[in-house]
Structure formats: C-alpha cells, structure tokens
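This is what each chain is made of:
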Amino acid sequence: MTALAPPDAAAKETQILYIGFNQDQSCFAVGTNSGFKVFNCSPFKEQVNRELDGGGIRYVEMLFQCNLFALIGAPNNGRFPPNKVIIWDDVKRKDVGDISLRQEAKGVRLRRDKVVVVLEYKVLVYNFKDLECVMEIDTVSNPKGLCALCPSPSNPVLVFAAPTEAWCGCQAHTSPLNSLALTLDGSRLVTASEKGTILRVMDSLTGRMLQELRRGAHVAEMCCLAFNHTSSLLACSSVRGTVHVFQLVESCAQDSAAAVSTSDAAKAQHQASPANQGSNSRSSLSFFGGLVNYFNSEWSFARFRLPGAETNVHSICSFAAERNTLMVVTATGQLHTCLFNPEGAPGQECEAATSISFLPQPKPALDDGSDKLPDIEDVGAENEVSTEPYAGNARQGLEMGGWVRALACSDKIALRENAERALPA
C-alpha cells in the first residue's frame, strides 16, 4: 500500500494520493484529490467511483469486497479531516461511524471484527462492532503507518515496529524498517529496511529467520512487498522502477533448525537445506558465502521493468488470479500485467502482457441509468462482516528502530502495563 504526498492545491486534474490492494488482492483502491475509486483486477473493471465534497482522500482501506471502507482525508479535507478515521458504507453512500483522534492517523487496517489505527507513536485496536478501543500499544516513530494485520481468525496476528526487542519481538534489520507484509495465513513475515537491499522472511510468531533474499546491491526505497496465496512466491517493487519475484522455501517450520541454539548454526543449516535449493539466482562466487554473505545471497529469479517513463514513481505489486501473472499498479495511473515462468532460467525478464490506464476511466452506470453497484456486498455496519480470511499487505517506513513485534490480536491478550492505558480523551 502506498500513501503519496498531497498534490498542489491549485491543480485541477485528478491526482492520485493513495493506491493499495484489498486483503485478497482481488481489487485495488485509489484515493484521489476529489474522492476515491475501486477497481476489480481480473477482469479489470471500475467498481466504485465516488466524488466526495470537502477535499481529497489520502487513505482507503477495503474490507475484502464488501461495502465498508475506512477512509482518511487529506490535510485540505474539511469534511473528513486527517485526525479522523471514517467508516464509509458505500451502499448507503455515507459515513456510518468515525474514530476521532488527537493527532493525524497515519494508516488503518481492517478485519471483520477489528479496526487497527496507526498513529506516529501508537497503534490502537478497536472493536469493529462498536468502535470501542480495546488495545493501545506504544511504537517507535512511524510517520508512514507501517503495520500488518492478518485477518484470519485462526491466526490473529498484528505486526508493527517496536523500539527494542520486546514481548514476541525480533530484530529484523540493523537499519530502520521500511516495509513489511504477512502471508495469507499470517504464518510468515517479510521485512525490508530503508536500504532496500535485503529482504528477510521470518516466522511471524517466533521471529526465527527462514530465508534471506537480495533485491539488489544499490540502495532503493521499497514500495511494496507481496506474497502469493500459497506462500511460495514473493514479489517486491521499488522506486527504481523494477519488480522482483523470488521463490520461497517450502517449509522451514519443520526443520530441526528451530532447536539450534545459535543463529549462525541455524543459518548454516538453512542454507544447506535441500528445500532451499530453488530457482532463485545465486552468484557464481557463492562458494565464498561462508566468508562474504553477499556472494551467498539469493537473488530474484524473475524481474519486470516498468516502462522508462515510469521510473522513480511509487508502485504496488501483487500476484494475479491467473497463473504465473504479476500485477503492478503505479501512482501515475497505470496497471501493468506481466508473465513469468517459475521453471525458467534464473534471472529471467518477465514478459509484458497488458498495460491499462485507469486514471481517466469514466464513472460506471447500469442499464437503468443508476450507478448503484450490485456486486458490492451489503453487510450492514451493525452486523458482523462475513468474509473468507486472507492476509493483507502493508508497507512504508520508519525514522528509527529496526525491531518488529508480532502480537496475538484479541480482547484477552496479555500486554505490558504501559500498553493497557485507556485511549486519551
């Protein structure tokens, strides 16, 4: 998910403030300087186009494909200010609830029973039913809202950045964190630092590192990290205009490395595991791996380059419903799809399939002249949202701290005393 800087107030054309996929990557939402839009990925189709009075929408969080959204307004929005999280019912075409805050909301995550609001120094968890705050957690400075929530009730995990190794915590990087994402079932976590060169895949509950991947040798700001639905592939995009695809090990959770006491021994066992001999690229000097980790790095097995005019722009990526297909959405209003071959030679270039401009799409209408969208499920704000659990994505950076913490997100969780304070009035 990508939140972008507000456009020039004098600009009259539609400008994108936010792009982000929903939990199962079947749709993506676009926040603009006049409202928000939702597009279905396959087949590509504009589902929602809302022009809202008051100003721009800089954050749009979907709840799968139902009619409920969480919105955060741009600084110039008089109707939806940035210190409120608005629960929007698209069937009723109005806001049905809001969470007022003392400071600007940096991000929001939705689950069928929880709303997670990210502030610069806190993460707040609310019940969806009555918007009552049930948890307050201190974090490091988080101006871009780095947080990931697994919506699966069987593995309710909340991941955020922590200042030190704390309860259920692990050190992901020595440099400040920039991006993180969870798998579909919430069992794995991937992180990247502000350098953007190394990706680390870990067990989300124990913090044990399962795999280390190298995006590149040069520093680059990461835009997005995304697993496929079977947790066998990982994609990442950066402002350098490239998207990389990696193969993941099948199951490190069954390895006996969990019983190894030292991290060096665990890493050696992991690298020697047959499950780790996938199709990711490796350096021809990998035999120096014991001395220089760079030479033993796993590089992406496939790569897609955005067209030359779309370098140095923010983008998000995900795996399409079609087999071996990658989707890339850019902040310039383009949707690209490309094909890759998991059995092909390492280092392959993805084959460009389609390129669609979604920014100038007209507002859809039905045959009867109305613009009500029947394929958006009406669940009602007062009822429990019934959806299949899928994991979502999250990205963005921190100014300090390279620690992440994974918590079980429930009403009866045991927290430290300083994390149980009531929400300030």
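The shown structure was predicted, so the numbers you read here are calculated from the model rather than taken from an experiment. (Residues numbered from 1 in each chain as written. Predicted model: local features only at pLDDT ≥ 70, side-chain atom pairs only at ≥ 80, totals over all residues. Heavy atoms only, no water.)

K.L.:
Could you give an account of the sheet that holds strand β31 (residues 351-357), naming the residues involved and the relevant values?
P.N.:
Working definition: the strands of a sheet are paired by backbone hydrogen bonds and lie parallel or antiparallel to each other. Strand order in this open sheet of 4 strands is β27-β28-β29-β31, and the pairing throughout is antiparallel. In this open sheet, the two strands that pair with only one neighbour each are β27 (315-319) and β31. The mean inter-strand angle of the sheet, taken between neighbouring strand axes irrespective of direction, is 20 degrees. Pairing of strand β29 (residues 334-339) with β31 involves 6 bridges; the strand directions are antiparallel. (Pairing = 2+ DSSP bridges. Helix = DSSP H or I, 4+ residues; strand = E, 2+ residues; numbered from the N terminus. Axes fitted to C-alpha atoms, helices over the stretch in contact; angles between N-to-C directions.)

K.L.:
Could you give an account of the sheet that holds strand β6 (residues 57-62), with specific residues and numbers?
P.N.:
Spatial ordering of the open sheet is given by β6-β7-β8-β9, a layout of 4 strands whose pairing is antiparallel. Whereas interior strands pair on both sides, the edge strands pair on one side only; in this sheet they are β6 and β9 (94-100). Strand-to-strand twist of the sheet, defined as the mean angle between neighbouring strand axes without regard to direction, takes the value 25 degrees. In terms of strand pairing, strand β8 (residues 84-89) meets β9 through 6 bridges, oriented antiparallel. Residue lysine 84 lies in a different strand from β9, and its bridge partner there is serine 100.

K.L.:
Help me get a handle on the nonpolar core, residues and values and all.
P.N.:
The nonpolar side chains of a soluble globular protein tend to be buried with one another. Membership of the largest hydrophobic core comes to 35 residues, with the highest contact counts inside it found for Phe36, Leu71, Val85, Leu101, Val108 and Val117. Counting residues per element, the ones that place at least two in this core are β3 (27-32), β4 (35-40), β6, β7 (68-73), β8, β10 (107-110), β11 (114-118) and β12 (122-127). At 5 residues, the largest contribution of residues to this core is made by β7. In this structure phenylalanine 36 touches Val30, Gly31, Val48, Asn49, Arg50, Leu52, Val60, Phe69, Leu71, Trp88 and Asp90, once residues within four positions along its chain are discounted. In this structure, Cys224, Val245, Cys317 and Val328 belong to the second largest nonpolar core, which totals 29 residues. (Core = buried A, V, L, I, M, F, W, Y, C linked by side-chain atoms within 4.5 Å. Buried < 20%, exposed > 50% of the residue type's maximum accessible area, 1.4 Å probe, protein only. Contact = heavy atoms within 4.5 Å.)

K.L.:
Go over the confidence of the model for the protein with me, naming the residues and quoting the values.
P.N.:
This prediction gives the protein a mean pLDDT of 77; 68% of its residues lie at or above 70. Residue range residues 7-11 is modelled with pLDDT below 50. Its contacts to residues more than four positions away, or to other chains, number 4 contacts. Note on residues 408-425: pLDDT is under 50 here. Beyond four places in sequence and across chains, it has 35 contacts. (pLDDT = per-residue confidence, 0-100.)

K.L.:
Explain the layout of surface pockets residue by residue, including any values.
P.N.:
If you add up the space inside the second largest pocket, you get close to 400 Å³. Lining of the second largest pocket is provided by 21 residues; of these, Asn228, Phe319, Ala320, Ala321 and Glu322 occupy positions nearest its centre. (1 Å grid on protein atoms, 1.4 Å probe; cavity = no way out; pocket = protein on both sides within 12 Å on 5 of 7 lines; lining within 4 Å. Points joined across faces, edges and corners; volume = space filled by probe spheres on them.)

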